[in-house]
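Spelled out, the chains give:
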Amino acid sequence: MRSRQEFHHSNGLFISICLFASFPLESTPKPGNPFPQTAKGRPMLNHETFLRLAIAESRKARDAGNHPFASILVGPDGTVLMTQHNAYMPDHDMTGHAERVLMTRASTTLAPDLLKECTIYTSAEPCAMCAGAIYWTGLKRVVYGLTERDLKTITGNHPENPTLDLPCEVVFAAGQRHVEVIGPMLEEEAAAVHAGAWG
């Protein structure tokens, strides 16, 4: 199966302030019914909850005039650490994919010991470039919505997004450490954000 406060950076990109406050993993737990715990005593991440956050952010990216993609970085305790919209605009940066930009921010501000336990939730499967960035940043896990193959069907050979149909697992398999991949998930919800976006 593939909160935040925003501010305008000087170049006009929508980027997010890291918030180190826990985001609820499911509904609020009842007394005596805590969130499921892992063997290490950490909460089990609710992948659908966080992926829906990423999909909701992708709609915000579109509403702001950017391509409809977004990613969030979640720590091992369920804290939303960073949020990133697609950054194609305003400079027409073809490398401004949400995952790639998020990984640059994360790898330059967060400790490797934290990153190796983090999960990226992204509205669409990371392309080869973004998968490489995730690998080099050292993340533990990727959870994505829409596959690259399905995205290619939606976008066609759009000049602003000539989708590269290569599964991210192929990129990770060439590396020297394991990156867990969960996806596709919530494909219809992820695809709905793209309706009418590509002409």
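Basis of the calculations
- Residues numbered from 1 in each chain as written.
- Predicted model: local features only at pLDDT ≥ 70, side-chain atom pairs only at ≥ 80, totals over all residues.
- Heavy atoms only, no water.
- Buried < 20%, exposed > 50% of the residue type's maximum accessible area, 1.4 Å probe, protein only.
- Helix = DSSP H or I, 4+ residues; strand = E, 2+ residues; numbered from the N terminus.
- Pairing = 2+ DSSP bridges.
- Salt bridge = Lys/Arg side-chain N within 4 Å of Asp/Glu carboxyl O.

> Could you clarify how one ought to interpret the pairing of strand β4 (residues 80-85) in this entry?
A regular strand places its side chains on the two faces of the sheet in alternate fashion. For β4, the tally of buried residues reaches six of six residues, placing the bulk of the element in the interior. The pairing of strand β3 (residues 70-74) with β4 spans five bridges and is classified as antiparallel. Across the sheet, residue V74 finds its bridge partner in β4, namely V80. Two successive antiparallel strands, β3 and β4, enclose a turn made up of five residues, where G78 displays a positive phi of approximately 90°.

> What's the story with the pattern of salt bridges in this structure? I'm lost.
Opposite charge on two side chains permits pairing when their charged atoms draw close. For the structure on display, the rule yields eight salt bridges. A salt bridge links R52 to E189, with the shortest nitrogen-to-oxygen separation between them at 2.8 Å. On the criterion of sequence distance, the pair formed by R52 in helix α1 (residues 47-63) and E189 in helix α7 (residues 187-192) is long-range, its members being 137 residues apart. Where K140 meets E117, a salt bridge forms, and the shortest distance between an N and an O atom there is 3.8 Å. Here K140 is found in the loop between α4 (128-137) and β6 (141-146), whereas its partner E117 is found in the loop between α3 (112-115) and β5 (119-124), with 23 residues between them in sequence. On the basis of relative accessible area, E117 is assigned to the buried category, the value being 18%.

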